[in-house]
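Examining the three-dimensional arrangement
One-letter residues, chain by chain:
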Amino acid sequence: MSQQHSAADPAPTTATIARRRDWWRDAVIYQVYPRSFADSNGDGMGDLEGVRSRLPYLRDLGVDAVWLSPFYASPQADAGYDVADYRAVDPMFGNLLDADALIRDAHGLGLRIIVDLVPNHSSDQHEWFKRALAEGPGSPSRDRYHFRPGKGENGELPPNDWESIFGGPAWTRVADGEWYLHLFAPEQPDFNWEHPAVGDEFRSILRFWLDMGVDGFRIDVAHGLVKAAGLPDIGGAEQLKLLGNDVMPFFDQDGVHEVYRQWRHVLDEYSPSLRPGVPPERIFVAEAWTPTVERTANYVRPDELHQAFNFQYLSTEWDAAELRKVIDRTLEAMRPVGAPATWVLSNHDVTRHATRFANPPGLGTQIRTAGDRELGLRRARAATLLMLALPGSAYVYQGEELGLPDVVDLPDEVRQDPAYFRGEGQDGFRDGCRVPIPWEREGSSYGFGPGGSWLPQPANWGELSVAAQTGVAGSTLELYRSALRVRREQADLGAGDAVEWLRAPEGVLAFRRGEFVCVANTSGESVTTPAYGRVLLASGELTEADGEAKLPADTTVWWTTA
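Quick look at the structure, then. The residue count restarts for each chain, going from 1 along the sequence in the order it is written. Whole-chain, interface and lining totals are the exception, using all residues; otherwise, since this is a predicted model, local features are given only for residues with pLDDT of at least 70 and side-chain atom pairs are given and counted only at 80 or more. Here the side-chain values reflect all heavy atoms present in the structure, with hydrogen atoms and water set aside.

Brief notes about the pattern of salt bridges
In a structure, side chains of opposite charge can pair up when their charged atoms sit close to one another. For the record, the criterion: Salt bridges are counted wherever a side-chain nitrogen of Lys or Arg sits within 4 Å of a carboxyl oxygen of Asp or Glu. Counting from the N terminus, the helices are the DSSP runs of H or I reaching at least four residues and the strands are the DSSP runs of E reaching at least two. Think of it in three bands: residues with accessible area under 20% of the maximum for their type are buried, residues over 50% are exposed, and the middle band is partly exposed, with areas taken using a 1.4 Å probe on protein chains only.
One pass over the structure, following the stated rule, counts 37 salt bridges. Where Glu127 meets Lys130, a salt bridge forms, and the shortest distance between an N and an O atom there is 3.1 Å. Here Glu127 pairs with Lys130, and both are found in helix H5 (residues 127–135), just 3 residues apart, close to one helical turn. Look at Glu127 and you get partly exposed, because its relative accessible area is 48%. According to the relative accessible area criterion, Lys130 is partly exposed, its value standing at 36%. Notably, a salt bridge pairs Glu500 with Arg512, separated by 3.8 Å at the nearest N-O pair. Taken together, the residues span a long stretch of sequence, with Glu500 in strand S14 (residues 500–501) and Arg512 in strand S15 (residues 508–513) at a distance of 12 residues. On the accessibility criterion, Glu500 (43% relative accessible area) is partly exposed. Take Arg512: its relative accessible area is 23%, and that puts it in the partly exposed class.

Here's the deal with the side chain of Arg381
The cut-off we apply is this: Residues counted as positive are Lys and Arg, residues counted as negative are Asp and Glu, and His and the chain ends are not counted. Within 3.5 Å is the distance limit for a polar contact, defined as a pair of N or O atoms, with the added protein rule that one can donate a hydrogen and the other accept it, and that residues adjacent in sequence qualify only through two side-chain atoms. Pairs of residues are marked as contacts when any of their non-hydrogen atoms sit within 4.5 Å.
By secondary structure assignment, the location of Arg381 is in helix H12 (residues 373–389). Buried and unpaired, Arg381 has no salt bridge, with Glu541 as the nearest side chain of opposite charge at 7.5 Å. Reaching out from Arg381, the side chain makes a polar contact with the side chain of Thr476 at a distance of 3.2 Å. With near-sequence residues (within four places) excluded, Arg381 lies in contact with Gly474, Ser475, Thr476, Leu479 and Ser539.

Points about unusual backbone geometry
One non-glycine residue, Leu231, lies in positive phi territory at about 50°. Note that Leu231 resides in the loop between strand S9 (216–219) and helix H7 (256–269). One non-glycine residue with positive phi stands out, namely Asp546, at about 55°. Examined against the element boundaries, Asp546 turns out to sit in the loop between strand S19 (543–545) and strand S20 (548–551).

A word on empty space enclosed by the protein
Rule in force here: With a 1 Å grid spanning the protein atoms alone, the term cavity applies to any set of points in which a 1.4 Å probe fits but cannot get out, the term pocket to an open set with protein on both sides within 12 Å along at least five of seven lines, and the term lining residue to any residue with an atom within 4 Å of a point. Grid points are joined across faces, edges and corners, and a volume is the space filled by probe spheres set on the points. Residues are grouped as follows: nonpolar covers Ala, Val, Leu, Ile, Met, Phe, Trp, Tyr, Cys and Pro; charged covers Asp, Glu, Lys and Arg; every other residue, Gly included, is treated as polar.
Tallied over the entire structure, the rule returns 9 cavities of 30 Å³ or more. Lining of the second largest cavity is provided by 14 residues; of these, Ser315, Thr316, Glu317, Arg356 and Gly364 occupy positions nearest its centre. Considering only residue class, the lining of the second largest cavity consists of 6 nonpolar, 6 polar and 2 charged.

Structural notes on the nonpolar core
Put simply, the rule is: The set of buried Ala, Val, Leu, Ile, Met, Phe, Trp, Tyr and Cys residues whose side-chain atoms join them within 4.5 Å is what this entry labels a nonpolar core.
By size, the foremost hydrophobic cluster in this structure holds 130 residues, and its most contacted members are Leu58, Phe217, Tyr260, Trp263, Tyr313 and Trp558. For this core, the element with the most residues is helix H6 (residues 196–212), which contributes 8 residues. If sequence neighbours within four positions are ignored, Tyr313 has contacts with Leu323, Val326, Ile327, Trp343, Val344, Leu345, Leu386, Met387 and Leu390.

Side note on the side chain of Asp220
The topology assignment puts Asp220 in the loop between S9 and H7. Assessed through its relative accessible area of 6%, Asp220 is described here as buried. Excluding residues that lie within four positions of it along the chain, Asp220 makes contacts with Tyr81, Asp116, Leu117, Val118, Pro119, His121 and Glu287.

Describing the sheet that holds S15
Whenever strands of a sheet pair, they do so through backbone hydrogen bonds, lying parallel or antiparallel. Short version of the rule: Strand pairing requires that DSSP identify at least two bridges connecting the strands. Lines fitted to the C-alpha atoms define the axes, with helices restricted to the stretch that makes contact. Angles between their N-to-C directions range from 0 to 180 degrees.
Spatially, S14-S15-S16-S21-S18 is the arrangement adopted by the 5 strands of the open sheet, whose pairing is antiparallel. Of all strands in the sheet, those with a lone pairing partner are S14 and strand S18 (534–538), marking the two edges. The pairing of S18 with strand S21 (residues 555–560) spans 4 bridges and is classified as antiparallel. Residue pairing in the sheet places Leu537 in a bridge with Trp558 of S21. Contacts between helix H10 (residues 320–334) and the sheet are confined to S14 and S15, with S15 contributing the most and set at about 35° to the helix. Each of S18 and S21 is contacted by helix H14 (residues 476–489), which is oriented at about 135° to S18, the strand it contacts most.

Quick word on the packing of aromatic side chains
Note on aromatic pairs: each is described by the distance of the centres and the angle between the planes. Stated precisely, the cut-off is as follows: Only Phe, Tyr and Trp rings take part, Trp by its six-membered ring, and two of them pair if their centres are within 6.5 Å. Stacked means planes under 30 degrees apart, edge-to-face means over 60, and tilted covers everything else. We call a charge positioned above a ring when the Lys NZ or Arg CZ atom is no farther than 6 Å from the ring centre and deviates by at most 35 degrees from the ring normal.
Summed over the entire model, instances satisfying the criterion amount to 36 aromatic pairs. For the ring pair Phe191 and Phe202, a centre distance of 5.5 Å and an interplane angle of 80° mean the geometry is edge-to-face. Pair noted here: Phe191 is in the loop between strand S8 (179–181) and H6 and Phe202 is in helix H6, with a separation of 11 residues, a long-range link. You'll find Phe191 and Phe202 in the same group, each marked buried. Measuring from centroid to centroid gives 5.0 Å for Tyr313 and Trp343, while their planes differ by 75°, and the two rings are edge-to-face. Taken together, the residues Tyr313 in helix H9 (residues 311–314) and Trp343 in strand S12 (residues 342–344) connect sequence positions 30 residues apart. For Trp343, a relative accessible area of 0% corresponds to the buried category. Over the ring of Trp439 we find Arg54; its NZ or CZ atom is 4.0 Å from the centre of that ring. Here the basic side chain of Arg356 rests over the ring of Phe357, its NZ or CZ set 5.6 Å away from the ring centre.

Side note on the packing of helix H4 (residues 96–108) against H6
We count it as follows: Any angle between 65 and 115 degrees counts as roughly perpendicular, while under 35 counts as roughly parallel, over 145 as roughly antiparallel, and the rest as oblique.
As a packed pair, H4 and H6 sit with axes 10 Å apart at the nearest point and diverge in direction by 55°. In this view, H4 runs oblique relative to H6, as classed from their interaxial angle. From H4, Leu96, Ala99, Asp100 and Ile103 reach across to H6, where they touch Phe208, Trp209 and Met212.

Quick word on the pairing of S21
Of all 6 residues in S21, 6 are buried, a share of seventy percent or more. Burial along S21 is two-sided: Thr555, Val557 and Trp559 and Thr556, Trp558 and Thr560, pointing in opposite directions, are all buried.

So, the sheet that holds S20
The 3 strands lie next to each other as S17-S20-S19, forming an open sheet whose pairing is antiparallel. Strands at the two margins of the open sheet, each flanked by one partner only, are strand S17 (527–530) and S19. Taken pair by pair, the neighbouring strands of this sheet meet at an average axis angle of 25°, ignoring direction. Taken together, the 4 bridges between S17 and S20 define a ladder with antiparallel strand orientation. Bridge pairing in S20 links Pro530 to Glu548.

Remarks on the environment of Thr543
Along the chain, Thr543 falls in strand S19. Every residue in contact with Thr543, bar those within four places of it in the chain, is listed here: Glu548, Ala549 and Lys550.

Following this line, the structure appears as structure tokens:
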């Protein structure tokens, strides 16, 4: 009984999207991982021109904005999160003219562009770091990073016991005997945000891209910029995984908030009142892994950032009671600071939710087994409708609208996640969610590009492609298109800060928002609930009779009482 949306249906007009104020409060933002989205030149690597060519697809999907993972000049030690030049495009992705054309085309289609910003660390090939190495101990250049003498009789031990999130010590020793801090790979030295030159440089970088026309920034490791005074020992091993919420002296220090207050002043310089013709409201989005959602709320106070990823929600199992807890805590935490909640199920760092939900609970966000593919897809579809029904903004990771699973059987010799090659730390299996997405049923890369793909694609990828699902009733792609269209049409969906919970059987979530009702059955069995009105959309087949509805296991339905 779900309604479907065809590619021929009219998309919202450019003017409607471009001039809507507070657009970010209920925006659906689509994450593009450029190297895996579309390849225009046949080198097997996605690029900006490839993204540009597929913008009409994203407009027709119904999203509001596109977030681009890093495309800056980089040695690619960590897939571009090791930036050598923040004002240049890496040649593998194109050049600044390509970035300019992409931004202009996106605006012409009514889409906004959000770019990644990586302020916690640079590449070891950044000019600042190369100068710091060349000038030696005690030089002003070294103060822009965390250089320290080592411990031990001859300085042979690291300055403290911090561990890299990618495994091993968070310190590397250089030829002159000093050590430098890197919370990630050794090729990613951490900036010292106590040095004023660092803040000056990043405010200049913000202005560079704002002048280019971008609509916002996603801030990588937003919780990591400031370290505890004195860089104190932690006193234990196995300190932190990449996606952990533990209290650590290098994450979520109160000093980060002064940085973001200064950044907000820069963004406010670009308000429409000062720059006529510029689309209203550019935004900041924080990637901030914090111990609690209440700590996350600190990043989105009125004079700081606009949104913060809700990793507590992403990490929650497909369980009604647990989901209700995190939904309530999120809404309660965001309400006092006036920020919208955000909801996300997948991204470039975690196993896709179609695979997470295919496995038993308790395995976390990095999973190496395929699990029950049919079960995982059914739950993923239901989870998507639940997410899109909640008040606030939602994030969609490329390919999830196709129901893509993680590729869990990549041969060891093709893997490129830097964490995979280190003996400890996080699992290093992020390549599985980064395999290039399929556009066509056939071809050497299923339409990704004319020259194959940088990671091998599964043999069944064509069956999941955009071409195979477009116009097919019940396909996951058409479910997403329908959901985003209905979300835009229904006045009671989108922005807001509350839901009205309804009585429901065990294992079922039911809530009302005005004339809209969402019911999600997370149990493994069919359940009977009231039929709340006219069905708008459902993730699976349901039956209705005598004022009741029978929902299959792992199914979400949207009703309107109007």
